[in-house]
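Report on the structure
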Amino acid sequence: MAYIGESTTRIDAHGKVTGETRYPGDFNLPGQLYMKILFAKRPHAIIKSIDTTKAEAFQGVVAVFTAKDVPVNEYGLIMPDQPVLCGPGSSKPHADRVRFIGDQVAVVVAETDQIAAQALTLIDVVYEDLPVIGSIEEALADDAVRLHPDKESNIFCSYRIRKGDVDAVFEACDVIIESEYRTPQQEHAYLQPEAGVSYIDEEGRVTVVVAGQWTHEDQEQIAHALDLPLDKVRVIYPAIGGAFGGREDMSIQIVLGLAAMRLHERGIDRPIKTIWSREESIVGHHKRHEYKFVTKWGATKDGIIQAAEVDVFADGGAYAYTSTKVMGNATLMCTGPYDIPNVRVNAHALYTNNIPGGAFRGFGGPQGAFEAEMQVNRLADALGIDRVAFRLRNLIEDGSTLSVGTKPPKGVTIKPVLKKLAESAGWQDGGEGWQAPPQTPQGQGVVKRGLGVAVAYKNVGFSFGAPESCTAIIELHGQVEIEKAVLCHAGADVGQGAHTVFKQFAAEALGLPIEKIELVVSDTAFTGDSGSASASRMTFMAGNSIRGAAKEALKKWRQEERPAIAKHVYRPPATTPFDPKTGKSEPNFSYGYVAEAVDLEVDTETGEIRVLKVFCADDVGKAVNPQQVQGQIEGAVVQAAGYVLLENFIQKDGLVMTNMLSNYLIPTVLDVPDAVESIILEYTDPIGPYGARGMAEMPYMPLAPAIMDAVYRATGVWFHEFPLTPERVLRGLGKIK
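A few points on the structure. Small disclaimer: the values here were computed from a predicted structure and weren't measured.

Here is what the cut-offs are and how they apply
- Residues numbered from 1 in each chain as written.
- Predicted model: local features only at pLDDT ≥ 70, side-chain atom pairs only at ≥ 80, totals over all residues.
- Heavy atoms only, no water.
- Helix = DSSP H or I, 4+ residues; strand = E, 2+ residues; numbered from the N terminus.
- Rg over C-alpha atoms; globule rule 2.2 N^0.38 Å.
- Buried < 20%, exposed > 50% of the residue type's maximum accessible area, 1.4 Å probe, protein only.
- Contact = heavy atoms within 4.5 Å.
- Areas by Shrake-Rupley, 256 points an atom, 1.4 Å probe, with all protein chains shown as cover.
- Lys, Arg positive; Asp, Glu negative; His and termini not counted.
- Charge placed at Lys NZ, Arg CZ, Asp CG, Glu CD.
- Phe/Tyr/Trp six-rings, centres within 6.5 Å; stacked < 30°, edge-to-face > 60°.
- Lys NZ or Arg CZ within 6 Å of the ring centre and 35° of its normal.
- Salt bridge = Lys/Arg side-chain N within 4 Å of Asp/Glu carboxyl O.
- Axes fitted to C-alpha atoms, helices over the stretch in contact; angles between N-to-C directions.
- Left-handed = near helix turned anticlockwise from the far one by under 90°.
- Expected span 1.5 Å × (residues − 1).
- Pairing = 2+ DSSP bridges.

Secondary structure assignment for the chain yields 17 helices and 27 strands. For 737 residues, the compact-globule estimate of 2.2 N^0.38 gives 27 Å, and the chain sits close to it at 26 Å. For the chain, the proportion of its 737 residues judged to be buried stands at 62%. Look at the contacts in the chain between residues 6 or more apart in sequence, and 79% of them connect residues 24 or more apart. Accessible surface, the chain as shown: approximately 26,900 Å² in total, 49% of it carbon and sulfur. Each charge class in the chain can be summarised by its mean position, and for the 71 positive and 94 negative side chains these summaries are 2 Å apart.

Next comes the structure, spelled out in structure tokens:
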């Protein structure tokens, strides 16, 4: 039986529906203790002293840990610029500073959660407040205080692209659009806040059971901070209550490991459990980056884009996290999937005292796509050319040259994807070229209707020279016939159905019924490094690793090895970083391509926007599990609609004004678009497993500019920032000041 292309029932469906599945917060072990964390609750200060005497003496408190207890008091996925615990007593320079309200200062371990929480109030911390950098503009000011004194400025990463002669070409352009755009922060709002347990396992390993996106990266970060060999740290992922990039960076992993290790040294071998409140989660983990774009694009009257200039500024918050990689994507994608002969991009990521920016579905792509697609729609409008027709004159194809001076990987499909989208949304390709469907007559009513369009592309896998690989181990058991196959794979299932797809890949590659496939997943004690569940890479990378392991295991089986055990490490084609002067690079080994159209209504009296229908055409290469692909499209559309229309994350002077789900509003069932038409296209990726491309982030990418275009078509007003709350809409329409 063929399993690739079938909507196999998710293997975790029954357990999650019945409540049998255990998430990290559901683990309760005999004799466990409880941990609470003291957050800084101030955006910028030097900790002059910490007195834990009263807390340690409080009845029921087992231990209190501060910076002096952390062996190597630093961590960070890209650069180790953040203390595990802030305060005096560690060897890391300037670790006595807090730089955002979610910095962790002390850890209390106690007999109950209530005792631990009460003990936090008994810790006496003396702060010396420092000036607060609360915005991109403040970080760039000549007299700005440096958040990291060991850095030359608050700019911690810069990229540039130089292609062609931008200045000379602008002089010859018939239409030039100059604009400034801003995109906001966004909270991940996953179902389960940060939670986990830690203990010393039977082999003496510091073991952390937690929800994350990359077990082996968590293991490395914990081992580094605790100054332990890798094999003395074990990380296990049970069920994960959503991630969306929000679990890439550390939250509780290191301090859970620290508590287990230090208590073990004192002869106390008891598990430690912690669960963050929603408020702690909101201030304690990173957000989607706020971006500012200052941009200028030019085109000729026949509709050919000639030049694009973009200045990019990212609010990285207090620490680097993955800002450098996120900005790499934004730098590439701020000129869109277009063949533009002349490009100049200057991009900078900056430290501020805001909550750090980090990974979030799209990873810099939605911000870059917003700016690019806004410019393209405005150019088309200025030239009087249909938006689909204008794009088809400028989109890349095989053999085109990207802004970074190299050709994209073979299999560029953005033009056929756009054509399929246009046909579904009502465009017609007549003798005079593509034409949009007639706009619904607006009449004299206050409700106006508009149809907008946008496209995007997004990398599959790590970019710009980051090491990339994925490991699978397969064991074949039996005598004459294979009775069962055990697949060991670290890839995290963060709700996208990855583990179901793993079984489909294994069953297909081994020629076995799916019922004979057993999974051992997301445990560093038994699985090889899979890389992260991010960058739309897991299906692509895991599929190739599983196929490779299956081929090697079957070869051993035929040679009568019993059991037949094979390990395969898949490595895709190499990528290269930006050249520091020109930006030239081979940025990615594969892309996914997407186009979206949005039909909506704007109530010009109340400022409310109602999304009637979203059309999403997505080239997935091969839909391994079509039902899950459709779920990813619909989920991405709803999440992106929240980003554009509803979610208003507010920080002021480094303080969070929206620290609860009662004042940070995310979509409910009443906010879901009335209809989402998922147009699943399958143009084979030349190096994808069975032709599959990654696709989980792609439907998110172009929704914001498509909505903005539709709002413009309805009202005649361009909005340059969002979320489009009723207040912002009414202000833009001139109804309020």
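Applying the stated rule across the entire model yields 18 aromatic pairs. Pairing tyrosine 181 with phenylalanine 370 gives two aromatic rings, centres 5.8 Å apart and planes at 80°, and the pair type is edge-to-face. In this pair, tyrosine 181 sits in strand S8 (residues 175-183) while phenylalanine 370 sits in helix H10 (residues 365-383), placing the two residues 189 residues apart along the sequence. Three or more aromatic residues joined by ring pairs form one cluster here, namely Tyr181, Phe370, Tyr643, Tyr700 and Phe722. The cationic tip of arginine 288 hangs over the ring face of phenylalanine 360; the distance from NZ or CZ to the ring centre is 4.2 Å. Above the ring of phenylalanine 170, the side-chain terminus of lysine 296 is found at 4.4 Å from the ring centroid.

Turning our attention to the pattern of salt bridges. Counted under the stated rule, the structure contains 35 salt bridges. Note that arginine 270 and glutamate 111 form a salt bridge whose closest N and O atoms lie 2.9 Å from each other. Linking arginine 270 in the loop between helix H7 (253-265) and strand S12 (272-275) with glutamate 111 in the loop between strand S5 (104-110) and helix H3 (113-120), this pair joins segments that are 159 residues apart in sequence. With relative accessibility at 28%, the residue arginine 270 sits in the partly exposed group. Ionic pairing is found between aspartate 674 and arginine 610, a salt bridge with its closest N-O pair at 2.6 Å. Remark: arginine 610 occurs in strand S24 (residues 609-619) and aspartate 674 occurs in the loop between strand S26 (655-656) and strand S27 (675-681); sequence separation between them is 64 residues.

Two quantities define a packed helix pair, namely the angle between the axes and the distance from one axis to the other. Their axes nearest at 9 Å, the elements helix H13 (residues 498-510) and helix H14 (residues 538-558) cross at an angle of 35°. Every pair of crossing elements has a handedness; the one defined by H13 and H14 is right-handed. For the pair H13 and H14, the contacting residues are Ala498, Val501, Phe502, Phe505, Ala506, Ala509 and Leu510 in the first and Met538, Thr539, Ala542, Gly543, Ile546, Arg547, Ala550 and Leu554 in the second.

This brings us to H14. Because each turn of an α-helix spans 3.6 residues, side chains separated by three or four positions in sequence point in the same direction. Between the first and last C-alpha of H14 there are 29 Å, a value that for 21 residues agrees with the 30 Å anticipated at 1.5 Å per step. Looking one or two places after H14, you find glutamate 560, whose phi comes out positive at around 70°.

Here we come to the sheet that holds strand S3 (residues 61-65). In spatial order, the strands read S3-S5-S1-S12-S9-S10-S11; together these seven strands make up an open sheet with mixed pairing. Two strands close off the open sheet at either side, each with one partner strand: S3 and strand S11 (233-236). Each adjacent strand pair in this sheet contributes to an overall mean axis angle of 20°, direction not counted. Examined bridge by bridge, strand S1 (residues 33-39) and S5 share six bridges and lie antiparallel to one another. Bridge assignment links tyrosine 34 to a residue of S5, and that residue is alanine 110.

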